[in-house]
Amino acid sequence: MPPRRTKKTPAKRVFQPLPKNTFWIENDAYDRRIWGHLRSESPSLRELEEKGAALLPHFGSLLQDIFCLMFKYNINYNSESGILPSALLNEKFLRAIHQGAQYDFLREQTLLNEAHAGLSTLILGERLLALVREEKFLTRRDLRDLWDIQKQEELVGQKIEEYENADTIPEDQLSEEGKKALEKAKERMGGEVQGAEALLRHKATQLKQDLQEIESQVNNRLQAETIKVAQELENAAEEAETWGNTIGTGERTPPGQKLELGRRLAGNEKLKKLARMVGRMKFHAQALRKKVFERSSEELLEVEQGDALHRLLPHELLSLHHPLLRKDFYRRFLDQELIQYSLRGVEEKGKGPMIVCLDGSSSMSGDKEIWSKAVTLTLLEIARKQRRLFRSICFSSAETPLQVLDMNPRDRYEVETKTVMDLAEYFPGGGTDFQKPLDAALDCLRQSRFKKGDIIFITDGECQVDPDWAEVFRQEKEKLGFSLFSILIDMGPASLGTLKEFSDRISTIKQLTGDEAQDIFVKF
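Residues numbered from 1 in each chain as written. Predicted model: local features only at pLDDT ≥ 70, side-chain atom pairs only at ≥ 80, totals over all residues. Heavy atoms only, no water.

Re the overall build of the protein chain
This is how the line gets drawn: By the criteria applied, helices consist of DSSP H or I runs no shorter than four residues and strands consist of E runs no shorter than two, each listed in order from the N terminus. Throughout this description, buried means an accessible area under 20% of the type-specific maximum (1.4 Å probe, protein chains only), exposed means over 50%, and partly exposed covers the range between. It only takes one pair of heavy atoms within 4.5 Å for two residues to be counted as in contact. Each accessible area value is a Shrake-Rupley result obtained with a 1.4 Å probe; residue values ignore everything except the protein chains displayed when judging cover.
Broken down by element type, the protein chain carries 18 helices and eight strands. The buried share of the protein chain, reckoned over its 524 residues, is 47%. Here the analysis covers contacts within the protein chain between residues at least 6 apart in sequence; of these, 80% occur between residues at least 24 apart. Put simply, the protein chain shows about 27,600 Å² of open surface, and 49% of that area lies on carbon and sulfur atoms.

See the structure below:
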């Protein structure tokens, strides 16, 4: 009996799936967590990633790789075989930065320092994106080739998935014609996968050749940028440290907020000058207030009960010489029932919330803006230490919206760096209108949490107010029981006329220095 012929089943094709990794620098869970926290705390990083993703494939992966290059102690590169071809350009950028002469100097500032590493990543990413847009080393054709490769990768992945899905169809439930049709479909899809893979390999090979041609140009450009970034990072980190110490938020600043602060200070001469001015004022204010408190000028007001030993009436001290009265003295001391006198300062000082109305008209530009904001931020520091609420109202002309900021709104009265920066950078310009900010200040004082507050009004100009409005304002001032202290920057023909109509006290400033502001801080 002749042997039975068995039908040969076609060999199953096995296609190697494309790698999914787009990161060149090895990273672990700790690195990814640190980077994730920085991104969540830094709007600038997220904005940069969004802009870069519209121009270059895998730009987000590149930013994380740059961060790891700056932050990690050990730098290891992943094998090229495990990385998508469309991420080949990222390696050229990373190698250029890594091999630069300034890399070691830059790394001294960023190694294991989250904020500095994040800031250098942000600055380098912005410079890199600018170079790409200016076509310094990549042409539009090169960019199109990169996107074509990414699309081809997506196509290959789609074809492999279709082939594998077709292979899972159970043939025992199909007719003979169905089996033949399925085999033909598999052959066709297998051919499509092979063709797509061949085209992807061809494009990847061509991309490697193109990248080799621009490699030296990329190295020179990015190494030059690394030098600039190292200098800018050093200056920004120093200014951010100065600013943080000057404002003194009282809380540990998260790395993402430090990154944002350094970014906003980088290259901003106005903010740098403001930080130095606040530093001088803060030093003078603390020293002078301490001196005044030590030698306070006060007068006797009335007799009260308490436990202040230095203010006891003389007959209370006599009780200490009697054995029985001494025990009664101790009891009344613990119950705060000793007879003492109370003191009142010759010049009463408000201890309620502060509302600062800050003139932002065009005439305040330049040194007057810096000085007035330095005074405002120094008063904010005083309010924070004394656990007093602080609201800033920046005004200009009547048609310009007010900038109203609650500088320490939380229960612990801490100051948020972002709010301080918003105040420091905002300058509307335009004309001057007194009524609008003072009406806003009145609305604020009507709130229960700002009860017993005072208004500080800082301006350099003259503004006519409606007589009826001035009368209503004085009535409200008497009703609410607050004081209004005006600070007039008298650098020219400014007059006290309008300010006298609603101010309890006016301080006139002739020179914009920290010494001139000393008396202002003593009064608050």
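A word on the side chain of Q340
Which entries qualify depends on this criterion: Polar contact is defined as a pair of N or O atoms within 3.5 Å, subject to the rule that within protein one atom must be able to donate a hydrogen and the other to accept it, and that residues adjacent in sequence are counted only when both atoms are side-chain atoms.
For Q340, the location among the structural elements is in strand β2 (residues 338-345). From its side chain, Q340 meets the backbone nitrogen of D307 in a polar contact 3.3 Å long. Setting aside anything within four residues of it in sequence, one finds Q340 in contact with E302, V303, E304, Q305, G306, D307, A308, R311, L312 and L313.

Quick notes on the pairing of strand β5 (residues 403-406)
Along any regular strand the residues' side chains alternate between the sheet's two faces. To keep it simple, the criterion reads: Pairing between two strands requires that DSSP report at least two bridges joining them.
The alternating pattern of β5 places Q403 and L405 on a buried face, while none of V404 and D406, on the opposite face, is buried. Here strand β4 (residues 390-395) runs beside β5; their pairing, made up of four bridges, is antiparallel. If you follow R391 over to β5, its bridge partner there is D406.

Regarding the sheet that holds β4
What links the strands of a sheet is backbone hydrogen bonding, and the strands pair in either a parallel or an antiparallel sense. What counts, and what does not: Whenever a helix is involved, its axis is fitted only over the stretch in contact; in every case the axis is a line through C-alpha atoms, and angles between N-to-C directions fall within 0 to 180 degrees.
Taken in spatial order, the six strands line up as β5-β4-β3-β6-β7-β8 in an open sheet, and their pairing is mixed. Each edge of the sheet is formed by a strand with only one pairing partner; in this case those strands are β5 and β8 (505-509). With strand direction ignored, the average angle separating the axes of adjacent strands in the sheet is 15°. Direction of pairing for strand β3 (residues 354-359) relative to strand β6 (residues 454-459): parallel, over a ladder of five bridges. Bridge assignment links C357 to a residue of β6, and that residue is F457. The strands touched by helix α13 (residues 367-385) within the sheet are β3, β4, β6, β7 (484-489) and β8, with β3 carrying the most contacts at an inclination of about 175°.

Topic: the confidence of the model for the protein chain
Put simply, the test is: Residue-level confidence of the predictor is what pLDDT reports, using numbers from 0 through 100.
Averaged over all residues, the pLDDT of the protein chain equals 79, while 80% of them reach at least 70. Confidence, expressed as mean pLDDT per element, reaches its minimum in the protein chain at helix α18 (residues 518-522) with 59 and its maximum at helix α3 (residues 59-71) with 93. The low-confidence segment residues 291-296 (pLDDT under 50) makes one contact with residues lying over four places distant or belonging to another chain. pLDDT under 50 marks residues 346-350. Its contacts with residues more than four places away, or in other chains, come to eight contacts.

A few points about the nonpolar core
Counted only if it meets this: Within this scheme, the nonpolar core is defined by two criteria: the residues are buried Ala, Val, Leu, Ile, Met, Phe, Trp, Tyr or Cys, and they are joined through side-chain atoms within 4.5 Å.
One finds L56, F93 and L138 to be the most contacted residues of the largest nonpolar core, which totals 61 residues. At the level of elements, α1 (29-41), α2 (43-53), α3, α4 (88-98), α5 (103-110), α6 (114-133), α7 (140-167) and α8 (176-247) are the ones that each hand at least two residues to this core. Sort the elements by how many residues they give to this core and α8 lands first, with 13 residues. Other than its neighbours up to four places away in sequence, L138 contacts L56, L89, F93, V132, L143 and I214.

Comments concerning helix α16 (residues 467-480)
Inclusion rule: To estimate the expected span of a helix, count its residues, drop one, and scale the result by 1.5 Å. In this description, one arc is meant: the one made by directions from the helix axis to the C-beta atoms.
For α16, spanning 14 residues, the distance from its first C-alpha to its last is 20 Å, which sits close to the expected 20 Å at 1.5 Å a residue. Turning to α16, its buried residues number three or more, namely W469, A470, F473, E476 and K477. Along the long axis of α16, the arc covered by the buried residues comes to 125°, so they all point the same way. Every exposed residue of α16 that faces more than 90 degrees away from the buried side is listed here: P467, D468, E478 and K479. The N-terminus of α16 is capped by D466, whose side-chain oxygen sits 3.0 Å from the backbone nitrogen of D468. Downstream of α16 by one or two residues, G481 has phi in the positive range, about 70°.

What about the pattern of salt bridges?
Note the following rule: Here, a salt bridge means any side-chain nitrogen of Lys or Arg that lies within 4 Å of a carboxyl oxygen of Asp or Glu.
A full pass over the atoms with the stated rule returns 21 salt bridges. Two residues, E80 and K208, come together in a salt bridge whose shortest N-O distance is 2.7 Å. On the criterion of sequence distance, the pair formed by E80 in the loop between α3 and α4 and K208 in helix α8 is long-range, its members being 128 residues apart. Overall, the relative accessible area of 36% leaves E80 in the partly exposed class.

Notes on the packing of α2 against α6
Test applied: Note on angle classes: values under 35 degrees are labelled roughly parallel, values over 145 roughly antiparallel, values of 65 to 115 roughly perpendicular, and the remainder oblique. Helix crossings get a hand from a simple test, with the near helix turned counterclockwise from the far one by less than a right angle marking a left-handed crossing and a clockwise turn marking a right-handed one. Residue polarity is assigned by list, with Asp, Glu, Lys and Arg as charged and Ala, Val, Leu, Ile, Met, Phe, Trp, Tyr, Cys and Pro as nonpolar; anything else, Gly included, falls into the polar class.
Interaxial distance between α2 and α6 falls to 10 Å at its minimum, and their mutual angle equals 25°. When the interaxial angle is binned, α2 and α6 end up roughly parallel. Two packed elements cross with a definite hand, and for α2 against α6 that hand is left-handed. Each of S44, L45, L48, K51 and G52 in α2 lies in contact with α6, whose residues at this interface are G118, L122, G125, E126, L129 and R133. In the contact of α2 with α6, the residues fall into four nonpolar, four polar and three charged.

Brief notes about the pairing of β6
Using the following cut-off: By convention a crossover is right-handed if, when the strands point away from the viewer, the path from the first strand over the helix to the second runs clockwise.
Most of β6 is tucked away, with six of its six residues classed as buried. Residues D454, I456 and I458 point to one face of β6 and I455, F457 and T459 to the other, with burial holding for every one of them. Looking at chain direction, β6 and β7 are connected through five bridges and run parallel. When the bridges of β7 are listed, T459 appears paired with L488. A crossover connection joins β6 to the parallel β7 through α16; in handedness this β-α-β unit is right-handed.

Describing empty space enclosed by the protein
Quick note on the threshold: Cavities and pockets are defined on a 1 Å grid built over the protein atoms alone: a cavity is a set of grid points where a 1.4 Å probe fits but cannot escape, while a pocket is an open set with protein on both sides within 12 Å along at least five of seven lines, and lining residues are those with an atom within 4 Å of any such point. Grid points are joined across faces, edges and corners, and a volume is the space filled by probe spheres set on the points.
The tally for this structure, following the rule as stated, stands at two cavities of 30 Å³ or more. By volume, the largest cavity is sized at about 50 Å³. Together, L89, L138, D142, D145, L146, L207, D210, L211 and I214 line the largest cavity. Within the residue set of the lining of the largest cavity, elements represented by two or more residues are α7 and α8. Along the lines of polarity and charge, the residues of the lining of the largest cavity split into six nonpolar, no polar and three charged.

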